[in-house]
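# Per-entry structural report
Spelled out, the chains give:
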Amino acid sequence: MSLGALSSCITRPPKNLVQRSSTHNRPLTTPNQNSVDKTNLVFPRKDKLIDPTVLWTSSIARRCRNGYLSEAATEFARMRIAGIETNQITFTTLLSACADFPSDKTLYFGALIHCYLYKLGMIKDNVMLGTAIVDTYSKCRHVDLSRMVFDEMTVKNSVSWNSMIDGYMRNGDVEDAIQLFGEMPYRDKISWTALIGGFVKRGHFEEALSWFREMQISGTEPDYVTIIAILTACANMGVLGLGIWIHRFALQRNLTNEVRVRNSLIDMYARCGCIDFAYQEFSKMEKRSRVSWNALIVGFAMNGRAEDALDHFSLMQKEGFEPDGVSFTGALTACSHAGLVDKGLQLYETMKKVHRISPRIEHFGCIVDLLSRAGRLEDAMQVIETMPMKPNEVVLGSLLAACRNHGDISLAERLMTFLVDLDPDTDWNYVLLSNIYAVVERWDGVGKIRNKMKSLGIKKKPGFSAIEIGCCYHEFVAGDKSHSQTRNIYSMLEQLSLGFSLFGNAPTTSLEEFSDIEFANQLN
């Protein structure tokens, strides 16, 4: 439908957004003050001295900030019925609320506001309103409408361009984002950060690092938001050397005083295996947030320091921080790694009954892992069967791995029902079940799984390892010889193998032994 057709739509907010007033005879010349207690709205006693537009817009803005969008829509309707003149701040406030709380209802209301502004002719030349509409549509997952509005704007500023790029990245339109970025007349730090942060959120970490290098070449100085995005990329890739370089880079620019940067440093060092560095950053912090404590607790847990994780879980509460779901995830992970089954189950009950936190899938995953590591496979299976949501590959994978360790074929076969329902085209579940058959020397089962994969057209993806040298990230696939230094790598492996043999420690595998690629070729 064209904007011209849309503009003929009703311009009142939809019925399910507008609430009827409880006081039928209230005059419409002043804003609704019945919700003052809910929104902390306070009006001066001599409100006649204040511009009515400011008074009404302030009333709407306070409701929007507190998330009461239905009340804000009702107030806007009353404002129009009362004949009070609106301004761009009124509309920007409503559109920003639609963007901050995206849903089908807010999208519809935002579209109505757009139609009304289109009829008034306020969009093309008003960069603030145009940008607000672009942001609203993109956050409501209608980036095509965002681009339409963006193209029709005769006046654009850097915020407009940045909002459109962010919208593309938010919705996964990477190529369009890069193309638009190249068309920008001027790129500031926010433009670069929108692109880099978008790559990080989409899981394209190498691309994020590549664009950060381009940002440096361009001479644009990053801000703390850029540093947080890059540290997140380093943490996910496990590139410690580059993470240390970014840390030094941020120190030189006084960007590490920001609490969120410190939190990202703690997370990066912990996920790269340097938990002592993470603790140093935590100790230096003059002001900590709950995220700071969570990053350290989870870091201790994932690095096998269960006692430290549980100690800091208790210490954060003594410091006045209420634990949230992430805090309990860290504590439960620590119990799982340390084999503290009773302690873990006690914490799980405390989370539900004392702190009133509804368990999410990661909490169920921790309990399944806790029971699986303790050999209580049937109890773990019962948790999976009674979960209020479908288990994911992490939850199922932990129990399937335990089945392999304990040689429990029957339970592994029962798990395959969940795994096939979850993702029938994935390879890892079939491969793991094949390995379980191999452990107990059930070669008929191995052959059956391989034939099943071949009949379904499922190919095993070769596994790969990665190493960081000189801040460069190198990936190696088993049996692959495409790396530029392949000759030197295999020469060194042969020397190491010979060295082991001389000392009586001959390796149990050879370089020519069965590889992932050969396994995959057998399925072709």
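Residues numbered from 1 in each chain as written. Predicted model: local features only at pLDDT ≥ 70, side-chain atom pairs only at ≥ 80, totals over all residues. Heavy atoms only, no water.

Across all of its chains, the model carries 0 disulfides by this definition. Here Cys-64 stays unpaired: no disulfide links it, and the sulfur of Cys-98, its closest cysteine neighbor, is 7.7 Å away. Cysteine Cys-274 shares no disulfide, and the gap to the nearest cysteine sulfur, in Cys-272, comes to 6.9 Å. Cys-274 gets classed as buried once you look at its relative accessible area, which sits at 18%. (Disulfide = S-S within 2.5 Å. Buried < 20%, exposed > 50% of the residue type's maximum accessible area, 1.4 Å probe, protein only.)

Turning to helix α11 (residues 189-201), a few remarks are in order. Across its 13 residues, α11 extends 18 Å between first and last C-alpha, which sits within 8% of the 18 Å expected from 1.5 Å per residue. The element α11 is extensively covered by neighbouring structure, given that 10 of its 13 residues are classed as buried. Structurally, α11 contributes buried residues whose contacts are with α9 (158-170), α10 (174-183), α12 (205-218) and α13 (224-237). Measuring from the backbone nitrogen of Ile-190 back to the side-chain oxygen at the start of α11 gives 3.2 Å, which picks out Asp-188 as the cap. Immediately beyond the C-terminal end of α11, within one or two residues, lies Gly-203, with a positive phi of roughly 85°. (Helix = DSSP H or I, 4+ residues; strand = E, 2+ residues; numbered from the N terminus. Expected span 1.5 Å × (residues − 1). Contact = heavy atoms within 4.5 Å. Polar contact = N/O pair within 3.5 Å; in protein donor to acceptor, adjacent residues only side chain to side chain.)

A word on the side chain of Asp-369. If you trace the backbone, Asp-369 turns up in helix α21 (residues 361-373). By relative accessible area, Asp-369 is classed as buried at 18%. Within the local environment of Asp-369, its side chain forms a polar contact with the side chain of Ser-336, the two groups lying 2.6 Å apart. Residues within four places of Asp-369 in sequence aside, it is in contact with Ser-336 and Ser-398.

For helix α17 (residues 290-302), with 13 residues, the first-to-last C-alpha span of 18 Å sits near the 18 Å given by 1.5 Å per residue. Buried within α17 we find Ser-292, Trp-293, Asn-294, Ala-295, Leu-296, Ile-297, Gly-299, Phe-300 and Ala-301. Tucked into the core, α17 has its buried residues touching α15 (259-271), α16 (275-284), α18 (306-318) and α19 (325-338). Phi turns positive one or two residues past the end of α17, at Gly-304, with a value near 80°.

This part covers the side chain of Thr-57. Considering the arrangement of structural elements, one finds Thr-57 in helix α3 (residues 52-65). In this view, Thr-57 contacts Met-79, Asn-87, Ile-89, Thr-90 and Thr-93; residues no more than four positions away in its chain are not counted.

On to unusual backbone geometry, then. Here the phi dihedral of Arg-141 falls at roughly 65°; this positive angle occurs in a residue that is not glycine. As for its position among the elements, Arg-141 is in the loop between α7 (127-139) and α8 (143-152). Given the relative accessible area of 65%, Arg-141 is considered exposed.

A few words on the packing of α18 against α19. Where α18 meets α19, the axes come as close as 8 Å, and the angle between the chain directions of the two elements is 150°. Taken together, the axes of α18 and α19 lie roughly antiparallel to each other. The crossing of α18 and α19 is left-handed. Counting all contacts with α18, which are made through Ala-306, Ala-309, Leu-310, Phe-313 and Met-316, the residues of α19 involved are Ser-327, Phe-328, Ala-331, Ala-334, Cys-335 and Ala-338. Partitioning the contact of α18 with α19 into residue classes produces 10 nonpolar, 1 polar and no charged. (Axes fitted to C-alpha atoms, helices over the stretch in contact; angles between N-to-C directions. Parallel < 35°, antiparallel > 145°, perpendicular 65-115°, else oblique. Left-handed = near helix turned anticlockwise from the far one by under 90°. Nonpolar A, V, L, I, M, F, W, Y, C, P; charged D, E, K, R; others polar.)

Per the stated rule, a full pass over the model turns up 15 aromatic pairs. When the centroid spacing of 5.2 Å and the interplanar angle of 85° are considered together, the rings of Phe-150 and Trp-161 count as edge-to-face. Taken as a pair, Phe-150 in helix α8 and Trp-161 in helix α9 lie far apart in primary sequence, 11 residues in all. Given a relative accessible area of 2%, Phe-150 falls into the buried group. Judged by relative accessible area, which is 14%, Trp-161 ranks as buried. One aromatic cluster is present, built from ring pairs that chain together Tyr-279, Phe-282, Trp-293, Phe-300 and Phe-321. Over the aromatic face of Tyr-116 sits the side chain of Arg-80, whose NZ or CZ is 4.9 Å from the ring centroid. When the ring centre of Phe-150 is taken as reference, the NZ or CZ atom of Lys-156 above it lies at 4.9 Å. (Phe/Tyr/Trp six-rings, centres within 6.5 Å; stacked < 30°, edge-to-face > 60°. Lys NZ or Arg CZ within 6 Å of the ring centre and 35° of its normal.)

Attention now goes to the pattern of salt bridges. Applying the stated criterion across every chain, the model contains 20 salt bridges. A salt bridge links Lys-284 to Glu-281, with the shortest nitrogen-to-oxygen separation between them at 3.5 Å. Of the two residues, Lys-284 and Glu-281 are both situated in helix α16; the distance of 3 residues between them amounts to about one turn of the helix. Relative accessible area serves as the criterion here: at 49%, Lys-284 is assigned to the partly exposed category. Among the residues examined, Glu-281 registers a relative accessible area of 3% and is labelled buried. We note a salt bridge from Arg-305 to Asp-308, for which the minimum N-O separation is 2.8 Å. According to the relative accessible area criterion, Arg-305 is partly exposed, its value standing at 29%. Through salt bridges with shared partners, a single ionic network connects Arg-262, Glu-281 and Lys-284. (Salt bridge = Lys/Arg side-chain N within 4 Å of Asp/Glu carboxyl O.)

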